[in-house]
Amino acid sequence: MRGAVRQNVPLAPLTHLRIGGPADWFLEPYAEEDVALAVRVCRELDVPLRVLGGGSNIVVADGGVRGVVLSLASLNRIVRDDARITAGAGVTLPSLLRATKDVGLAGLERLTGIPAVVGGAVAMNAGTRDGETFDRLVSLTLVETDGSIEVRGRDRFDATYRDGRLRGAIAVQATFQLEPDDPKAIFERFSTSLKKRNATQPVSQRSVGCVFRNPAGDAAGRLIEAAGCKTLRIGGLEVSGLHANYFVHHGAGSAAEFLALMHEVQRRVRAESGVELEPEVKFWGF
Ligand SMILES: Cc1cc2nc3c(=O)[nH]c(=O)nc-3n(C[C@H](O)[C@H](O)[C@H](O)COP(=O)(O)OP(=O)(O)OC[C@H]3O[C@@H](n4cnc5c(N)ncnc54)[C@H](O)[C@@H]3O)c2cc1C
């Protein structure tokens, strides 16, 4: 495999929450064929494999994770074909949004402010009230669980709310259909969304974004607030006073504390409203 292979790599600095232990093995493949080879080798050796995106939706266990963590940061090319943009899984959404704005292509503004990379945004079908990643997706290049590489059209996915339903496949490249627009108008839409986000979410603090999925017809944040959990704190983790579905990490916190806070919030919401909140965040190594 072409790319870096390292052992015992701390994962906390690679996540937004800044919590958790090391990965036994950390691989940074150069290209999609190298990702495919890594998948085949892990499968043959029966070693667990996880894919790290921007690390914005992951809580890593304090003891870290066994097996292999793959970073696709080297898959960072953006290619334009008229109003179609193809981006590698490691391209950050902010840089993709900037690039599309600069060439006057609109349609991804709905993803403004999401601190993901393309692969993670697709895997989670990240989105906002304005729309989701799959809305503009034309096709995905995937490394399947058997290590084969396949290009699948949008119609071959059944993506749903915050789940791209990749079923264990690894997204290595995504193509989006956009539409020409004035860069100034696109920029205005970015700015408006960002201002709104900055005013309503604790974006400058360490977090995983929304901890829980919104239950049908309701908002997890509203339920958590109604259960009196705003500013509830366990160790270094606190339910944000700005947006109750965010847990902020004040430093020196642990994954165990995150989990304890999550269970306490679930318990209080269940007692108050009878709703069972379901985590949106992914737990690694628990
Ligand atoms: C401040 C803040 C604000 C946020 N706001 C939003 C928001 O508005 N809307 C929203 O939807 N989310 C939001 N999030 C959550 C998060 O950004 C999304 O869930 C995002 O999709 C995660 O992408 P990532 O690249 O960081 O993936 P990671 O967190 O690294 O990984 C998330 C999951 O995707 C898998 N994955 C990553 N890359 C790939 C790949 N290439 N192929 C297959 N699987 C992969 C991982 O294995 C993991 O299971 C926010 C988070 C933060 C910290």
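Before reading further, recall that the structure is shown in the block above.
In what follows, the accompanying structure is described. Predicted model only: the values in this text are computed from it and were never measured. (Residues numbered from 1 in each chain as written. Predicted model: local features only at pLDDT ≥ 70, side-chain atom pairs only at ≥ 80, totals over all residues. Heavy atoms only, no water.)

Another point: the pattern of salt bridges. All told, the structure shown has 20 salt bridges when counted by the stated rule. Between R6 and E28 there is a salt bridge, and its shortest N-O distance comes to 3.4 Å. Linking R6 in strand β1 (residues 3–10) with E28 in strand β2 (residues 22–29), this pair joins segments that are 22 residues apart in sequence. We classify E28 as partly exposed; its relative accessible area is 22%. In this structure, the salt-bridge partner of R136 is E179, at a minimum N-O distance of 3.2 Å. Here E179 lies in strand β14 (residues 179–180) and R136 lies in the loop between β10 (131–132) and β11 (137–143), a separation of 43 residues in the sequence. (Salt bridge = Lys/Arg side-chain N within 4 Å of Asp/Glu carboxyl O. Helix = DSSP H or I, 4+ residues; strand = E, 2+ residues; numbered from the N terminus. Buried < 20%, exposed > 50% of the residue type's maximum accessible area, 1.4 Å probe, protein only.)

Moving on, we come to the site of the ligand. Of all residues adjacent to the ligand, which total 33 residues, the nearest are V51, G53, S56, G127 and R197. At 2.6 Å from an oxygen atom of the ligand is found a main-chain nitrogen or oxygen belonging to V51. Taking V117, its main chain carries an N or O atom lying 3.0 Å from an oxygen atom of the ligand. Protein chains shield 92% of the accessible area of the ligand, which is 980 Å² for the free molecule. Elements supplying a minimum of two residues to the shell around the ligand: β3 (49–52), α3 (118–124), β9 (127–128), β13 (170–177) and β18 (282–284). Here the shell around the ligand is composed, by residue class, of 19 nonpolar, 11 polar and 3 charged. (Near = heavy atom within 4 Å. Polar contact = N/O pair within 3.5 Å; in protein donor to acceptor, adjacent residues only side chain to side chain. Areas by Shrake-Rupley, 256 points an atom, 1.4 Å probe, with all protein chains shown as cover. Nonpolar A, V, L, I, M, F, W, Y, C, P; charged D, E, K, R; others polar.)

Here the focus is the packing of aromatic side chains. This structure, assessed with the given rule, holds 5 aromatic pairs. Ring centres 5.2 Å apart and planes at 50° place the aromatic pair F247 and F258 in the tilted group. You can see F247 sitting in strand β17 (residues 247–249) and its partner F258 sitting in helix α6 (residues 255–273), a full 11 residues away along the chain. Comparing F247 with F258, the two get one shared label, buried. Between F258 and F283, the ring centres sit 6.1 Å apart and the planes meet at 65°, which makes this aromatic pair edge-to-face. Of this pair, F258 sits in helix α6 while F283 sits in strand β18; the two residues are 25 residues apart in sequence, bridging distant segments of the chain. One aromatic cluster is present, formed by F212, F247, F258, F283 and F286 through successive ring pairs. (Phe/Tyr/Trp six-rings, centres within 6.5 Å; stacked < 30°, edge-to-face > 60°.)

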